[in-house]
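Coordinate analysis (summary)
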Amino acid sequence: MPEAPKILSDSADCIDDIVVENNNKVLKFIEDVTADADEVQRRVLSEILSRSANVEYLQRYGLNGCTDRETFKKVIPVVTYEDLKPDIERIANGDTSPILCSQPISEFLTSSGTSAGERKLMPTIEEELGRRSLLYSLLMPVMSQFLPGLDKGKGMYFLFVKSEAKTPGGLVARPVLTSYYKSSHFKNRPNDPYTNYTSPKETILCLDSYQSMYSQLLCGLFQNEDVVRVGAVFASGFIRAIQFLEKHWSLLCKDIRTGTIDSKITDPSVREAVMKILKPNPKLADFVEAECSKGSWKGIITRLWPETKYIDVIVTGTMSQYIPALDYYSNALPLVCTMYASSECYFGINLNPLCNPSEVSYTLIPNMAYFEFLPVTRKDELTGSISEPTALNDKEKQQLVDLVDVKLGQDYELVVTTYAGLYRYRVGDILRVSGFKNKAPQFNFICRKNVVLSIDSDKTDEVELQNAVKNAANQLLQYEASLVEYTGYADTSAIPGHYVLFWELSVKDSTLIAPSVFEDCCFTVEESLNSVYRQGRVCDKSIGPLEIRVVENGTFDMLMDFALSQGSSINQYKTPRCVKYAPIIELLNSRVISSYFSPKCPRWTAGHKQWCTQN
Ligand code: AMP
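Residues numbered from 1 in each chain as written. Predicted model: local features only at pLDDT ≥ 70, side-chain atom pairs only at ≥ 80, totals over all residues. Heavy atoms only, no water.

1. Digging into the overall build of the protein
Counted only if it meets this: Strands here mean DSSP runs of E at least two residues long; helices mean DSSP runs of H or I at least four residues long; both are numbered from the N terminus. Throughout, the radius of gyration refers to the C-alpha atoms, and the reference size of a globule is 2.2 Å times the residue count to the power 0.38. Burial here depends on accessible area, computed with a 1.4 Å probe over protein chains only, as a share of the maximum for the residue type. Under 20% is buried, over 50% is exposed, and the range in between is partly exposed.
Helix and strand counts for the protein come out as 22 helices and 24 strands. Relative to its length of 615 residues, the protein is compact, with a C-alpha radius of gyration of 25 Å against a globular reference of 25 Å. If one aligns the C-alpha atoms of the protein with their principal axes, the spans along those axes are about 80 × 70 × 50 Å. Within the protein, the fraction of its 615 residues that count as buried is 54%.

This is the structure we're talking about:
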């Protein structure tokens, strides 16, 4: 298997030559693994299976130490999280026997995908950190082919850690990025011009989101002339930083002017790290103040950070809703989506990073995991819903294809087998083949299966929404009112965005229902939604209060007429549980009688509900 390129050593005399040499090595590595994709995949699977020959899960299905693809595909089922839950719970409760993986599970990564309202727990092993670092190390050499000079400046990236919890068995459970930023791979990374960030690690590792954001912005503003690229993981996070700046620029300017840090920043390690950078700079403070106090914030990014060449954020999938806001704040700087990854596994990178956001395609890196693909068909373009088999029958199982066998233009659901103990696991993402890099396919990210609403990293599916709406609508029964139909949409016209539910009611006497009843309904929906949604509301403040808009009677009939006029079949028509198409949203909005917001935040605590009661 091709060797992963080494990161630069800080003993290097001539950093420029080493940067070029390393870039070339990385690009050659990408050429090699993509040219040899099928062989790399064969070896990855064989390596995973030979290491895991003794694990209970594979023995249960009678793999008997076989490491070839054919036997593996014949005996090992294609599974979802629900299938693995009993095994995962055993590990969470402290069973250290080799259930899924022969290497010790080092921690759980808490996915933003949920199961029974709680984050899914993805087992991981220590060495996966190396695999994640490898994928990160590919990004800048690729980028540098298109934009030279990125090694001469800094990146202003807003990166954050989230709270972590312990499972009853004592394993840490936290999001994958929190795990990565806290690891020595990130904290003690060697000197490398491509990982030279304006934010000191202490500001990233501060759990208090206000202090972390404030100190990262302060350092970013203070070093504004060095910044050549800006970003965050997802577009929503970057926009949150700009909004924070809109609110707090005068305090930040005061700190820049005096070279001190505001007293609200109490974390001693953050204060110390920032004070190593900050010096009084009244000229810079005047400049920032003048730019921020101009009426318009159009182009604020290029105004405050004039050397910025691009914004590095994910704007594919549901994040595409933030493209207009990013264009506005940046005067349409390139929006660069560099990678595609998840808690289960890091998947791939964008080899053409300056392409239009609507054309982004990710090349899966064949040595990250063993990949299979389940063909899917799009049923309903209007609502974007996807046909989804729950458990696969034999015919469907046979349809799964290998990485190099996918067909251009076809949609697939991604299935992975990882070094950390997931075997033929359905990630839940739908990808479309857009091209090939050598033998390795490239994919457009189409959607997360089944997700109807998403503002930030929350992913609310149809069933969760249905249950939440049912819980809330039950409260109307005592007023002799009932819910006839509903649909929802993610409104991101203001930041933070919020969920909007359109409700059509059957009411005997609407004057009997006080506004507070509907506000309680909004709150009940929020309380019933999954923990990632509630964390976004409570902790990250990345999601605004949920809104119910009551619409006139007959609105949903009009919606159906509209869908039929667009070619839907009357026999198959179902009310879509989310709407994205602007004319439909306009239609619904034109029929709104009244609207109500959730009056308070729902409850949220770190860790799974059941652990809190057990601990
Ligand atoms: P998590 O498990 O919380 O880390 O979330 C991983 C999921 O985020 C993936 O399975 C995708 O659904 C989504 N995601 C990650 N990277 C991208 C990307 N580049 N574009 C669109 N969606 C992404």
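2. Regarding the pattern of salt bridges
Applied cut-off: Any carboxyl oxygen of Asp or Glu within 4 Å of a side-chain nitrogen of Lys or Arg constitutes a salt bridge here.
As enumerated under the stated definition, the model contains 42 salt bridges in all. A salt bridge links Glu56 to Arg60; its shortest N-O distance comes to 3.2 Å. A residue pair is termed a helical-turn pair when its members lie 3 or 4 positions apart in one helix, as Glu56 and Arg60 do in helix H3 (residues 56–60) at four residues. According to the relative accessible area criterion, Arg60 is partly exposed, its value standing at 41%. For Glu552, the salt bridge goes to Arg591, with nearest N and O atoms at 3.7 Å. With Glu552 in the loop between strand E23 (547–551) and helix H20 (555–565) and Arg591 in the loop between helix H21 (582–589) and strand E24 (592–597), the pair connects residues that are 39 residues apart, well separated along the chain.

3. Digging into H21
What counts, and what does not: The arc refers to the directions leading from the helix axis to the C-beta atoms. By definition, residues are in contact when any of their heavy atoms lie within 4.5 Å.
The complete set of buried residues in H21 reads Ile584, Ile585, Leu587 and Leu588. Around the axis of H21, the buried residues are gathered within 160 degrees of arc, so they sit on the same side. Those residues of H21 that are buried lie in contact with strand E21 (481–491), strand E22 (498–507), E23, H20 and E24.

4. Remarks on the packing of helix H11 (residues 235–258) against helix H13 (residues 282–293)
Each pair of packed helices gets described by two things: the angle between the helix axes and the distance between those axes. The following threshold applies: Axes, fitted as lines to C-alpha atoms, cover a helix only where it is in contact. Angles between the N-to-C directions of the axes lie from 0 to 180 degrees. Oblique is the label for every angle not falling under 35 degrees (roughly parallel), over 145 degrees (roughly antiparallel), or within 65 to 115 degrees (roughly perpendicular). Left-handed describes a crossing whose near helix is turned anticlockwise from the far helix by less than a right angle; the clockwise case is right-handed. Charged means Asp, Glu, Lys or Arg here, nonpolar means Ala, Val, Leu, Ile, Met, Phe, Trp, Tyr, Cys or Pro, and polar covers whatever is left, Gly included.
Between H11 and H13, the shortest axis-to-axis distance is 8 Å and the interhelical angle comes to 165 degrees. It follows from the interaxial angle that H11 and H13 lie roughly antiparallel. Like other packed secondary-structure pairs, H11 and H13 cross with a definite hand, here left-handed. Counting all contacts with H11, which are made through Trp249, Cys253, Ile256 and Arg257, the residues of H13 involved are Pro282, Leu284, Ala285, Asp286, Val288, Glu289, Cys292 and Ser293. Of the residues that constitute the contact of H11 with H13, the class distribution is eight nonpolar, one polar and three charged.

5. Side note on the packing of aromatic side chains
In plain terms, the rule: Here a Phe, Tyr or Trp ring, Trp counted by its six-membered ring, pairs with any other such ring whose centre lies within 6.5 Å, and the pair is stacked when the planes are under 30 degrees apart, edge-to-face when over 60, and tilted otherwise. Note on geometry: a ring has a charge over it if NZ (lysine) or CZ (arginine) is within 6 Å of the ring centre and within 35 degrees of the ring normal.
For the structure on display, the rule yields 23 aromatic pairs. Seen in terms of ring centroids, Tyr340 and Phe445 are 5.7 Å apart; in terms of plane orientation they differ by 70 degrees. Their pairing is edge-to-face. You can see Tyr340 sitting in strand E9 (residues 339–341) and its partner Phe445 sitting in strand E18 (residues 440–448), a full 105 residues away along the chain. Taken as a pair, Tyr340 and Phe445 share a single burial class, namely buried. In textbook terms, an aromatic cluster arises when at least three aromatic residues are bridged by ring pairs, as seen for Tyr136, Tyr180, Tyr181, Phe186 and Tyr346. The ring of Tyr419 has Arg131 lying over it, and the distance from NZ or CZ to the ring centre is 3.5 Å. A cation sits over an aromatic face here: Arg189 above Phe186, 4.4 Å from the ring centre.

6. Focus: the sheet that holds E24
Selection rule: In short, DSSP must find at least two bridges between two strands for them to pair.
Across the sheet, which stays open at both edges, the four strands sit in the order E21-E22-E23-E24 with mixed pairing between neighbours. Each having just a single partner strand, E21 and E24 make up the two edges of the open sheet. Strand-to-strand twist across the sheet, computed as the mean angle between neighbouring axes with direction ignored, equals 25 degrees. Judged from the five bridges that link them, E23 and E24 form a sheet pairing that is antiparallel.

7. Concerning the confidence of the model for the protein
Detailed reading of predicted coordinates is not advised where the pLDDT is low. For the record, the criterion: pLDDT measures how confident the predictor is about each residue, on a scale from 0 to 100.
Of the residues in the protein, 95% reach a pLDDT of 70 or more, and the chain-wide mean stands at 93. Counting contacts from residues 380–389, a segment whose pLDDT is below 50, to residues more than four positions away or on other chains yields 18 contacts.

8. Some remarks on unusual backbone geometry
The omega angle of the peptide bond from Ile495 to Pro496 is -5 degrees, so this bond is cis rather than trans. We note that Asn64 has phi near 55 degrees; this positive angle belongs to a residue other than glycine. Its location among the elements puts Asn64 in the loop between H3 and helix H4 (69–75). Taking the relative accessible area as the measure of exposure, Asn64 reaches 68% and is therefore exposed. Notably, Ala116 is not glycine yet its phi reads approximately 50 degrees, a positive angle. We classify Ala116 as exposed; its relative accessible area is 66%.

9. What about the sheet that holds strand E8 (residues 335–336)?
Read across the sheet, four strands follow the order E3-E6-E7-E8 without closing on themselves; strand pairing throughout is parallel. Of all strands in the sheet, those bounded by a partner on one side alone are strand E3 (154–158) and E8. Lying over the sheet, helix H10 (residues 209–222) contacts E3 and strand E6 (227–234), oriented at roughly 160 degrees with respect to E3. Its contacts with the sheet put H11 on E3, E6 and strand E7 (310–314), and the angle it makes with E6 is roughly 120 degrees.

10. Quick word on the domain arrangement of the protein
Here is the rule we go by: Here the bounds of each domain stem from an automatic or database domain assignment.
Partitioning the protein into structural domains gives domain 1 (198–336), domain 2 (361–379 + 401–448) and domain 3 (451–597). Taking only C-alpha atoms, the centre of domain 1 and the centre of domain 2 are 36 Å apart.

11. Remarks on the site of the ligand
Just so we agree on the cut-off: Near, as used in this document, describes a residue that has one of its heavy atoms within 4 Å of the molecule or strand being considered. Whenever two N or O atoms come within 3.5 Å, that pair is a polar contact, provided that in protein one can donate a hydrogen and the other can accept it, and provided that, for residues adjacent in sequence, both atoms are side-chain atoms.
Surveying the vicinity of the ligand reveals 15 residues, the closest of which are Ser112, Thr316, Ser343, Asp429 and Arg448. A distance of 2.6 Å separates an oxygen atom of the ligand from a polar atom in the side chain of Asp429. Among the secondary structure elements, those contributing two or more residues to the shell around the ligand are strand E1 (107–115), E9, strand E17 (425–437) and E18. The element best represented in the shell around the ligand is E9, accounting for three residues.

12. Here we look at the pairing of E7
Sheet faces and side chains relate simply in a regular strand, where the side chains alternate between the two faces. Our working definition: Whether a crossover is right-handed comes down to one check: with the strands pointing away from the viewer, does the path from the first strand over the helix to the second run clockwise; if it does, it is right-handed.
The buried fraction of E7 is high, at five of five residues. Here E7 shows two buried faces, one formed by Tyr310, Asp312 and Ile314 and the other by Ile311 and Val313. Across four bridges, E6 lies against E7 in parallel orientation. Among the inter-strand pairings, Arg229 is bridged to a residue of E7, identified as Tyr310. Regarding topology, helix H15 (residues 323–330) serves as the crossover connection from E7 to the parallel E8, and that connection is right-handed.

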